[in-house]
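This is what each chain is made of:
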Amino acid sequence: MNKNTGQSNVFSLFKGVPLSRILVALFLLQILLAVGLTAYLSIGNGQKAVNEVARELRHEVANRVEQNLQTYLVTPRQILRSNQNVINMGLLKIENLASWESYLIEQLKIFPDALAITASNEQEYLAVEKFNDRKFLLRKADKSTGYDLYTYIIDSQGERTQLPEVIKNYDARSRPDYQTAVTAKKFSFSQIFTPRTEPTLLISASLPIYNSQGELLAVNSTLTHLSQIGDLLQNIKVGKSGQIFIIERSGLLVASSTTEEPFRLQNGKPIRLKASQSGNSLTQATAKYLATKFNNFDQIQRLQQLDFSLDGKRQFLEVRPFEGEPNVNWLIIVAVPEADFMGQINRNIQTTIFLCLGVLGLAIILGIVTARWITQPILHFSRATKDLTDFPNGEDSVVKVQGIKELEVLGGSFNEMAQDLRKTFTALISKNEDLELQIKQRTQELQQEIQERINSERKLGQHHQVLVELANHKAVVEGNLETAFKAIAQKAANALEVERVSVWLFNSERTKLQCISLYERSNQRHSAGFERNLADYLIYFKALVVSRTIAVSDTRTDPRVQELWDKLLEPNNIVSLIDTSLWVGGEMVGTVLSEQVDIPRKWELSEQNFISSIAEIVALTLEVCDRKRAESALREAKEIAEVANRARSTFLGNINHDLRNPLSSILGITEALKDQVYGPVSEEQRQSLNMLESSGKNLLELINQILDFTDTESSKIELQLAATSIQGICDSCLSFVKHLAFQKNIRLRAQIPEELEPIQVDERRIRQVFINLLTNAIKFTKEGGEVWIEVQPSSTNEYIFISVVDTGIGMLSDDLFKLFQPFVQVENASNASNHRSPGTGLGLVMVQKIVELHGGTVHAESQLGKGSRFTVKLPWKKTKEWGI
């Protein structure tokens, strides 16, 4: 086993590459691996540091945004709680909202983030709103205004100036802040909405005020600009180009750190903007990414730190749910481009690449110098080796190496080896010439063997073609012996290239062989009529029986054919032959002879097999001929049977007309006489009439049975198949024979499994089968006995077995085969003393015929003195398999 296989596979990659290049490549590979691994670890650590810084930055920014939002949204709560405290101290009266005016103005001065403060109950509405730094808007609706909403401007001296805007029949309870407070029953923020007066987004905070009985007295609300949230976000720095925006769970934009407004003007009215429709590419891409990842924003229930790609650049995200106040359910989203952190890292990578290139160039120079220093002596070895391989045309060269100790030792060893190799090469050249001569001789022998094999395969192909043609020959298929044997003899002679092929058959006494067909190839002539007596050639025929095929290369010396030499072989100059025997049905019926003249011939195994196949085709032709004769005889017998069957049908039809009609008239007259239609009847006459009526009915039943049997024999019965209940068949048959069993005090019962599937049968015919079996069972069962029906499906439900069992007189097993023969009644020792049972012996025959028409069978078992069992086996499948 070669232990250097693995190394050979590796070094084969460098086949044809100069050693100097390999050395330089290996130097470069080492440097590239070291520098590449260092660069890879450096870049990986840098990327890890970037991810960590980005995570911390996102988290810190989101914390600041959340703190600012909480501070921003706590102001409305402080305003409303302070108002609640003032009311609780009795300084403000719910019943007189007009007294709140100066108080609310002062609150707006204290809380600059609030846009407006309102108070309302079922009768009054009061709102103070900032107009500018020195003026306020006062809106009120009460009894003094006729419950219309009036608007006033209040300057810094407290002077009022009424504005022309008046809203008639103003109901403050329809306002969103009022409804939000009533619905929540506690402090709550409203949904974000757009006012009619200016393009902006507002949010209100409301607090319901109740008395001690829990009745709603008033609603106190504040109104705040959401643009202030945008200002807060713009003051938070997120890297170089990072962004912060807040959205609702519906995807609508609340505020953004960009200058983009969270709404658009449409026909002069502000329409809220979805983040996925934002004009800012980063905002839009972030919203679409989140919508795709989470299907909808309601799925985001906890802090998520994610990243995605925008225009091939990585973006870091932090999504944080904000639910700090009632009815406020927002998402804070911080997006930071990776490029904000990668500037210095990319510059470091460029520096690393330039350094690697420099080191690579220096390594190439050093590698080239080193490679030349090492490979120069090796080149001397290479040239010397080339001269050595060109022996004997090459020159005797000696290698001289100086400078490297190992190569000097190698040079000395090489010179010694070269001397030895030259001696060996001289001996090999001489031996090679001898081998070439032997190879040439063996090649000629192989070519001769190949040619012989080609000829043999050609002959096999011809033999196969002949056998196929003979097997499909019309005369062979039809059993036409004369034509078939001529074709077989001719084709066999041509295929074997022999002079004579003949077919011989024994005569009826098996004393002679008679030539049925002889074909002579030289003159293409067919002949027949020759004979060979079996008694004259006993050794020859015994050899044929034992060996079946005799292949003789020289008929003059082979003892098996010496009996034939003087009279048959020498006169016809037959020097070689193949004779094979014909066997049909285990008996030798003839021979096939193949005979070569003039020149002796050695028979090949393939030729012997071919002759055996020819003999099989001859035997097949004989079998086909015999079968054709048998089929012809069968057809004649069938025609005779059909004529007899038609005659029988005609006869029975005449019986039906000539007997049934007079018999029906006799029964009718008998019934009329019994009914005293023609006058009084004595008791003796009535008994005679009863006997006459009974005999007539028995005769009519016999005629009906004979006609039914005739119908079954002539296949006139057509079954009317339908899904039928097995339980129903058994019950109706038992009911039908109940009166017969009652007369003999015989017990009837049934053993039927529950919930059996229906069976496809002709119900009337099957009832006829089991009524007949039950009637016979009752007839041959003594008084006080028992008759019952057993039903048992097969294990696969493919068949069902229905048995009629009795405890009657039974019968001998030798008589069972007579039961289903027409017009035969079985008698046994138990009823031999009794009179013969009435009937034609056709009942069980009818049973068997009807069951067989259904594809079933009938089986009888009986034991003398213990009873009988008749089992009907019928095909049975599930309802769904019958398509019901």
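Residues numbered from 1 in each chain as written. Predicted model: local features only at pLDDT ≥ 70, side-chain atom pairs only at ≥ 80, totals over all residues. Heavy atoms only, no water.

## Some points on the overall build of the chain
Each helix and strand counted, the chain has 18 helices and 29 strands in total. Taking all 884 residues of the chain together, the buried fraction comes to 39%. The long-range fraction of contacts in the chain, counting pairs at least 24 apart against all pairs at least 6 apart in sequence, stands at 57%. Surface exposure of the chain reaches about 51300 Å², of which carbon and sulfur atoms provide 53%. (Helix = DSSP H or I, 4+ residues; strand = E, 2+ residues; numbered from the N terminus. Buried < 20%, exposed > 50% of the residue type's maximum accessible area, 1.4 Å probe, protein only. Contact = heavy atoms within 4.5 Å. Areas by Shrake-Rupley, 256 points an atom, 1.4 Å probe, with all protein chains shown as cover.)

## Quick word on the sheet that holds strand S14 (residues 313-322)
Hydrogen bonds between backbone groups are what pair the strands of a sheet, and the pairing can be parallel or antiparallel. One open sheet accounts for five strands, arranged S10-S9-S15-S14-S13; its pairing is antiparallel. The open sheet is flanked by strand S10 (253-256) and strand S13 (304-310), the only strands paired with a single partner. On average, each strand axis in the sheet is inclined to that of its neighbour by 25°, with strand direction left out of account. Against the sheet, helix H5 (residues 227-234) makes contact with strand S9 (243-248), S10 and strand S15 (330-337), and its axis sits at roughly 40° relative to S10, the strand it touches most. Lying over the sheet, helix H6 (residues 281-294) contacts S9, S13, S14 and S15, oriented at roughly 120° with respect to S13. (Pairing = 2+ DSSP bridges. Axes fitted to C-alpha atoms, helices over the stretch in contact; angles between N-to-C directions.)

## Some words on the side chain of Gln-84
Note that Gln-84 resides in helix H2 (residues 19-88). Take Gln-84: its relative accessible area is 17%, and that puts it in the buried class.

## Concerning the nonpolar core
If you look at the biggest cluster of nonpolar residues, it comprises 39 residues, and the most contacted ones within it are Phe-770 and Leu-773. Those elements giving two or more residues to this core turn out to be helix H15 (726-736), strand S25 (759-761), helix H17 (763-779), strand S26 (786-793), strand S27 (799-806), helix H18 (843-853), strand S28 (857-863) and strand S29 (867-875). At eight residues, the largest contribution of residues to this core is made by H17. Once you skip the residues sitting within four places of it in the chain, Phe-770 turns out to touch Ile-729, Cys-733, Ile-802, Val-804 and Val-872. Of all hydrophobic cores here, the second largest spans 33 residues; its members include Leu-470, Leu-582, Ile-611 and Cys-625. (Core = buried A, V, L, I, M, F, W, Y, C linked by side-chain atoms within 4.5 Å.)

## Brief notes about the sheet that holds strand S4 (residues 149-154)
Ordered by their spatial adjacency, eight strands build an open sheet running S5-S4-S3-S2-S1-S8-S7-S6, and the pairing between neighbours is antiparallel. Among the strands making up the open sheet, the edge pair consists of strand S5 (160-167) and strand S6 (188-189). Inspection of the sheet shows strand S2 (residues 125-130) paired to strand S3 (residues 136-141) by six bridges, in the antiparallel sense. Bridged to Val-128 within S3 is Leu-138.

## Regarding the confidence of the model for the chain
In this model, the chain carries an average pLDDT of 80, and 84% of its residues clear a pLDDT of 70 or more. When pLDDT is averaged over each helix and strand of the chain, the minimum, 53, is found for helix H1 (residues 5-11) and the maximum, 94, for S27. Considering only residues more than four positions removed or in separate chains, one finds that residues 829-836, a stretch of pLDDT under 50, has seven contacts. (pLDDT = per-residue confidence, 0-100.)

## Some points on helix H3 (residues 101-110)
The complete set of buried residues in H3 reads Glu-101, Leu-104, Ile-105, Gln-107 and Leu-108. Angularly, the buried residues of H3 cover 160° about the axis, an arc narrow enough to put them on a single face. Across from the buried face of H3, at angles greater than 90 degrees, the exposed residues are Ser-102, Lys-109 and Ile-110. (Arc of directions from axis to C-beta.)

## Side note on the packing of aromatic side chains
For the structure shown, the criterion picks out six aromatic pairs. Look at Tyr-125 and Tyr-170: their rings are 5.3 Å apart centre to centre, the planes differ by 55°, and that puts the pair in the tilted class. One end of the pair, Tyr-125, is in strand S2; the other, Tyr-170, is in the loop between S5 and helix H4 (176-184), with 45 residues separating them in the sequence. The burial state of Tyr-125 is the same as that of Tyr-170; both residues are buried. Between Phe-187 and Phe-189, the ring centres sit 5.5 Å apart and the planes meet at 80°, which makes this aromatic pair edge-to-face. The exposure class of Phe-187 is buried, given its relative accessible area of 4%. An aromatic cluster is built from Phe-506, Tyr-540 and Phe-541, whose rings are joined through pairwise contacts. Above the plane of the ring of Phe-294 lies Lys-293, whose end atom (NZ or CZ) is 5.9 Å from the centre. Against the face of Trp-504 rests Arg-532, its NZ or CZ located 4.7 Å from the ring centre. (Phe/Tyr/Trp six-rings, centres within 6.5 Å; stacked < 30°, edge-to-face > 60°. Lys NZ or Arg CZ within 6 Å of the ring centre and 35° of its normal.)

## Details of unusual backbone geometry
With the exception of glycine, most residues fall at negative phi, and the peptide bonds are largely trans. Positive phi is not limited to glycine here, since Arg-510 has a value of about 60°. Of the residues examined, Arg-510 reaches a relative accessible area of 33% and is grouped as partly exposed. Notably, Asp-598 is not glycine yet its phi reads approximately 70°, a positive angle. For Asp-598, a relative accessible area of 53% puts it in the exposed group.

## Quick word on the pairing of S10
Alignment of S9 against S10, held across three bridges, turns out to be antiparallel. Its bridge partner being in S10, Ile-247 is matched across the sheet by Leu-253. The hairpin turn running from S9 into S10, its antiparallel successor, is four residues long, and Gly-251 in that turn takes a positive phi close to 95°.

## Digging into a nonpolar patch on the surface
On the surface, a nonpolar cluster with roughly 280 Å² of combined accessible area is contributed by Leu-26, Leu-29 and Leu-33. Secondary-structure assignment places Leu-29 in helix H2. (Patch = residues over 30% accessible without salt bridge, like charges linked within 9 Å, V, L, I, M, F, W, Y side chains within 5 Å. Salt bridge = Lys/Arg side-chain N within 4 Å of Asp/Glu carboxyl O.)

## A short note on the pairing of S9
Taken across its six residues, S9 has six buried, putting it largely inside the fold. Across the two faces of S9 the burial is the same, with Gln-243, Phe-245 and Ile-247 and Ile-244, Ile-246 and Glu-248 all buried.

## Notes on helix H10 (residues 481-496)
Its 16 residues give H10 an end-to-end C-alpha distance of 22 Å, which sits within 8% of 22 Å, the value for a rise of 1.5 Å per residue. Among all positions in H10, only Leu-481, Ala-484, Phe-485, Ala-487, Ile-488, Ala-489, Ala-492, Ala-493, Ala-495 and Leu-496 are buried. Directly beyond the C-terminal end of H10, a positive phi value near 60° is found at Glu-497. (Expected span 1.5 Å × (residues − 1).)

## Overview of the state of the cysteines
Counted under the stated rule, the structure contains zero disulfides. With no disulfide of its own, Cys-733 lies 6.9 Å from the sulfur of Cys-730, the closest cysteine sulfur. Overall, the relative accessible area of 0% leaves Cys-733 in the buried class. (Disulfide = S-S within 2.5 Å.)

## Notes on the packing of H15 against H17
Packing of H15 against H17 brings their axes to within 9 Å, and their N-to-C directions diverge by 45°. Between H15 and H17, the angle falls in the class oblique. By crossing handedness, the relation of H15 to H17 is classed as right-handed. Touching Ile-729, Ser-732, Cys-733, Leu-734 and Phe-736 of H15 are Ile-766, Arg-767, Phe-770, Ile-771 and Leu-774, all from H17. The residue makeup of the contact of H15 with H17, split by class, is eight nonpolar, one polar and one charged. (Parallel < 35°, antiparallel > 145°, perpendicular 65-115°, else oblique. Left-handed = near helix turned anticlockwise from the far one by under 90°. Nonpolar A, V, L, I, M, F, W, Y, C, P; charged D, E, K, R; others polar.)

## Concerning the environment of Glu-497
Mapped onto the secondary structure, Glu-497 falls in the loop between H10 and strand S16 (500-506). Distance from Glu-497 to Arg-521, taken between C-alpha atoms, is 8.2 Å for residues 24 residues apart in sequence.

## Comments concerning the pattern of salt bridges
Per the counting criterion, the structure on display carries 30 salt bridges. A salt bridge links Arg-500 to Glu-595; the shortest N-O distance between them is 2.8 Å. Residue Arg-500 is found in strand S16, and its partner Glu-595 is found in strand S22 (residues 587-597); the two are separated by 95 residues along the sequence. Neither residue differs from the other here; Arg-500 and Glu-595 are each classed as buried. The partner of Arg-560 in a salt bridge is Asp-558, with the nearest N and O atoms 3.0 Å apart. Beyond isolated ion pairs, a larger network of salt bridges with shared partners links Arg-500, Glu-520, Arg-525, Arg-532 and Glu-595.

## Here we look at the environment of Val-872
Within the fold, Val-872 resides in strand S29. A relative accessible area of 0% places Val-872 in the buried class. Along the primary structure Val-872 and Gly-856 are separated by 16 residues, whereas in three dimensions their C-alpha atoms are 7.1 Å apart. Among all residues touching Val-872, those that are not within four sequence positions of it are Val-769, Phe-770, Leu-773, Ile-800, Phe-801, Ile-802, Val-851, Thr-857 and Val-858.

## As for the environment of Leu-97
In this structure, Leu-97 sits in the loop between H2 and H3. If we skip the residues at most four places from it in the chain, Leu-97 touches Ala-119, Ser-120, Asn-121, Glu-124, Tyr-125 and Leu-126.

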